Amino acid sequence: MEIWIYFTLLAAFMQAVRTAGQKQLSGKINAMATTAVRYVYALPFAWGYLWWMLDYREVAAPTLNHNFLSYALIASVTQIIGTACLVAAFQYRNFAVATSLAKTEAIQVAVVGALLFSAPLSGLGWLSVIVGVIGVLLVSKVKFTKQAVFSGEHSLSGLSYGLAAGLGLAITTLLIRESSLALNTDLMVSAAITLTFMITVQSLISLIYVVIQDKKQLPLMVKHWRLCLFVGITSVLGSIGWFTATSYQTAAYVKALGQVEFFITLALTYRIFKEKVTIAEYLGMVLIIASVVILLLWA
């Protein structure tokens, strides 16, 4: 198998486990603090990985050019927004459904890539988008009424946060690839540099926001350090997978293969959170996966 496939599978597994940790953590600290933990606790491991990679590949660190800085800085912000929206979605949806909505990221990567990054879709590509949208509607079970907007688990708010998470992460994925390629160096090294740069920026941004929003969250981030460390480690391992895979392969294909995360998510939904998934939600998730398979194999 090609190297990007191995890194994508690593990323999908670690992301599912990390997201489960974030769901547990979201019950102890607020959404933005939970988001900050993902970066702050991952930061030392990211720098350690970069140092090791530069030595292992025997490549000098390249200059951070204007294109890299532009792409990476924007990606840093969109990933924070996407992660915060995912954590917020857990308040409205169960673990599997919220994750499914966010994983429309694969579809949104294809759409945004076609519209903004000169990566047009074929007829089958657009078919995959339509199938995916139908899947999202089934998974969300949204009632389009005034009451539904404020109705709790099956509200439009839950749908909005889930889809916003997918969009934020889709834009991030596309920009990560552009950032890495802009360095014009060894792809393993450029992926590591992009990862470390973004996590450093994101740690600063998220910590400043937490201090401004609710500084009482800071001691809670220390109090629950074991769970925070778990989220940080799984996050950096997942990010290493995503960043490296998207450096070697087009983002839409990487995210398409990354849908194997669904199966891990379902297992965690039952075993850890004891949450049930309805037949309609199963059907919706199957359609989302089918849309990605169409995109990956035939589009």
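Because the structure is a prediction, the values reported are computed rather than measured.

Novice: Describe the packing of aromatic side chains, listing the residues and the values that go with them.
Specialist: Across all of its chains, the model carries three aromatic pairs by this definition. Judged by centre distance (4.9 Å) and plane angle (10°), the rings of Trp52 and Tyr56 are stacked. Note that Trp52 and Tyr56 are positioned in helix H3 (residues 43–57) at a spacing of four residues, about one turn of the helix. For Trp52, a relative accessible area of 40% translates into the label partly exposed. When its relative accessible area of 52% is taken as the criterion, Tyr56 is described as exposed. Cluster of aromatic residues (ring-pair linked, three or more members): Tyr49, Trp52 and Tyr56.

Novice: I'd like to hear about the environment of Met53, residue by residue, with values.
Specialist: Structurally, Met53 is set in helix H3. Assessed through its relative accessible area of 1%, Met53 is described here as buried. Residues Met53 and Met188 lie 135 residues apart in sequence; the distance between their C-alpha atoms is 7.5 Å. If we skip the residues at most four places from it in the chain, Met53 touches Glu58, Met188, Val189 and Ala192.

Novice: Break down helix H12 (residues 225–248) for me, with residues and values.
Specialist: Taking 1.5 Å as the rise per residue, H12 with 24 residues should run 34 Å; its terminal C-alpha atoms sit 34 Å apart, in good agreement. In terms of burial, H12 is a largely internal element, 17 of the 24 residues being buried.

Novice: An account of helix H2 (residues 31–40) is requested, with residue identities and associated values reported.
Specialist: Within H2, eight of the 10 residues are buried, which leaves the element mostly enclosed by the surrounding structure. Met32, Ala33, Thr34, Thr35, Ala36, Val37, Arg38 and Tyr39 are the residues of H2 that are buried. As for H2, its buried residues are in contact with helix H1 (3–25), H3, helix H4 (66–89), helix H10 (187–214), helix H11 (217–223) and H12. If you check the start of H2, you find a side-chain oxygen 3.3 Å away from the backbone N of Met32, and it comes from Asn30.

Novice: So what's going on with the environment of Ala245? Which residues, and what values?
Specialist: Along the chain, the position of Ala245 falls in helix H12. Placed 234 residues apart in sequence, Ala245 and Ala11 show a C-alpha to C-alpha distance of 8.7 Å. Excluding its chain neighbours within four sequence positions, the residues that come into contact with Ala245 are Trp4, Phe7, Thr8 and Val254.

Novice: How would you sum up the pattern of salt bridges? Please name residues and give values.
Specialist: Counted according to the given criterion, the structure contains one salt bridge. Of the charged contacts in the structure, one is a salt bridge between Arg57 and Asp186, with a shortest N-O distance of 2.9 Å. A residue pair is termed long-range when its members are at least 10 positions apart, and Arg57 in helix H3 and Asp186 in the loop between helix H9 (156–182) and H10 qualify at 129 residues. For Arg57, a relative accessible area of 32% puts it in the partly exposed group.

Novice: Tell me what's going on with the confidence of the model for the protein, and back it up with residues and numbers.
Specialist: The predicted model of the protein has a mean per-residue pLDDT of 83, with 82% of residues at 70 or higher. Residue range residues 144–154 is modelled with pLDDT below 50. Its contacts to residues more than four positions away, or to other chains, number 18 contacts.

Conventions used here
Residues numbered from 1 in each chain as written. Predicted model: local features only at pLDDT ≥ 70, side-chain atom pairs only at ≥ 80, totals over all residues. Heavy atoms only, no water. Phe/Tyr/Trp six-rings, centres within 6.5 Å; stacked < 30°, edge-to-face > 60°. Helix = DSSP H or I, 4+ residues; strand = E, 2+ residues; numbered from the N terminus. Buried < 20%, exposed > 50% of the residue type's maximum accessible area, 1.4 Å probe, protein only. Contact = heavy atoms within 4.5 Å. Expected span 1.5 Å × (residues − 1). Polar contact = N/O pair within 3.5 Å; in protein donor to acceptor, adjacent residues only side chain to side chain. Salt bridge = Lys/Arg side-chain N within 4 Å of Asp/Glu carboxyl O. pLDDT = per-residue confidence, 0-100.

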